[in-house]
Amino acid sequence: QVQLVESGGGLVQPGGSLRLSCAASGSISSGYTMAWYRQAPGKQRELVAAITGDTITNYANSAKGRFTISRDNAKNTVSLQMNSLKPEDTAIYYCNYPRLGAWGQGTQVTVSS
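This is a predicted model, so every value here is computed, not measured.

J.: Help me understand the pairing of strand β1 (residues 4–7), please; the structure alone is not making it clear to me.
T.: In regular strands, side chains alternate between the two faces of the sheet. Across the two faces of β1 the burial differs, with L4 and E6 buried and V5 and S7 not buried at all. Pairing between β1 and strand β3 (residues 18–24): four bridges, direction antiparallel. Along β3, the bridge assignment pairs L4 with A24.

Here it is in structure tokens:
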């Protein structure tokens with residue numbers, strides 16, 4: 001059983017940055033994929049970024065060049081550094097551990113002036 005808890009969301013102006021963190025209560029195998037998804041109002045949940053191992057990453061086109069996913073296996077955390085934020089990045093961001101189908105409760109990110 002793994003529980004995921006996200007933190008780091010908030011209100012930021014366009015062009016600003018936020019760093020989201022996801023802490024896992026159970027043991028996350030370093031070889032398995034961890035991912036960040038987001039869901040904007042009225043839209044389907046979509047993949048933002050994923051990391052397998054320490055270096056294999058995958059990003060949505062909308063996130064490439066602006067977002068960076070990383071993990072700290074010793075601390076059982078996965079992070080999402082988001083730069084150059086845009087209003088269209090506004091959404092609830094969820095941490096996901098696909099191997100066990102685990103989801104966090106989500107953290108709200110709002111990009112607005």
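Don't stop here, the text continues.
J.: How do you make sense of the state of the cysteines when you look at a structure like this?
T.: Note on terminology: a disulfide is the covalent bond linking the sulfur atoms of two cysteines. Under the counting rule described, the total for this entry stands at one disulfide. With its sulfur 2.1 Å from that of its partner, C22 forms a disulfide with C95. Taking the torsion about the sulfur-sulfur bond, which here is approximately -85°, the covalent link between C22 and C95 counts as left-handed. You can see C22 sitting in strand β3 and its partner C95 sitting in strand β9 (residues 91–97), a full 73 residues away along the chain. C22 gets classed as buried once you look at its relative accessible area, which sits at 1%.

J.: How should unusual backbone geometry be read in this particular structure?
T.: Where the residue is not glycine, phi is negative for most of them; where a peptide bond is considered, it is trans in most cases. A positive phi angle is found at N76, which is not glycine, with a value near 55°. The residue N76 is located in the loop between β7 (67–72) and β8 (77–82) in this model.

J.: Even after reading the chapter, I still don't get the environment of T110, so can you show me in this structure?
T.: With respect to the secondary-structure elements, T110 resides in strand β11 (residues 107–111). Residue T110 is classed as partly exposed on the basis of its relative accessible area, which comes to 26%. Considering only alpha carbons, one finds T110 and I51, 59 residues apart in sequence, at a separation of 24 Å. Setting aside anything within four residues of it in sequence, one finds T110 in contact with G10, L11, V12 and T90. Within polar-contact distance, the side chain of T110 engages the side chain of Q108 at 3.4 Å.

J.: How should the nonpolar core be read in this particular structure?
T.: Burial of nonpolar side chains together is a common tendency in soluble globular proteins. L4, W36, L80, M82 and Y93 are the most contacted members of the largest nonpolar core, which has 29 residues in total. At the level of secondary structure, the elements contributing two or more residues to this core comprise β3, β4 (34–39), β5 (46–52), β7, β8, β9 and β11. Among all residues touching Y93, those that are not within four sequence positions of it are E6, L20, W36, Y37, R38, V48, F67, L80, M82, G106, T107 and V109.

Conventions adopted
Starting afresh in each chain, residues are numbered from 1 along the sequence in its written order. With pLDDT at 70 or above as the cut-off, local features in this predicted model cover only qualifying residues; side-chain atom pairs require 80 or more to be listed or tallied, and sums for whole chains, interfaces and linings still use all residues. To obtain the side-chain values, all non-hydrogen atoms of the structure were included, while hydrogens and water were left out. Burial classification: accessible surface area is computed with a 1.4 Å probe over protein chains only, and a residue below 20% of its type maximum counts as buried, one above 50% as exposed, and the rest as partly exposed. Numbered from the N terminus, helices here are DSSP runs of H or I no shorter than four residues, and strands are runs of E no shorter than two. Any two strands between which DSSP finds at least two bridges are classified as paired. Any two cysteine sulfur atoms lying within 2.5 Å of each other are counted as a disulfide. Only heavy atoms enter the contact rule, under which two residues are in contact if any of them lie within 4.5 Å. Polar contacts here mean pairs of N or O atoms no more than 3.5 Å apart (in protein, one a potential hydrogen donor and the other a potential acceptor; neighbouring residues in sequence count only if both atoms are side-chain atoms). Each nonpolar core is a collection of buried residues, namely Ala, Val, Leu, Ile, Met, Phe, Trp, Tyr and Cys, held together in the definition by side-chain atoms within 4.5 Å.

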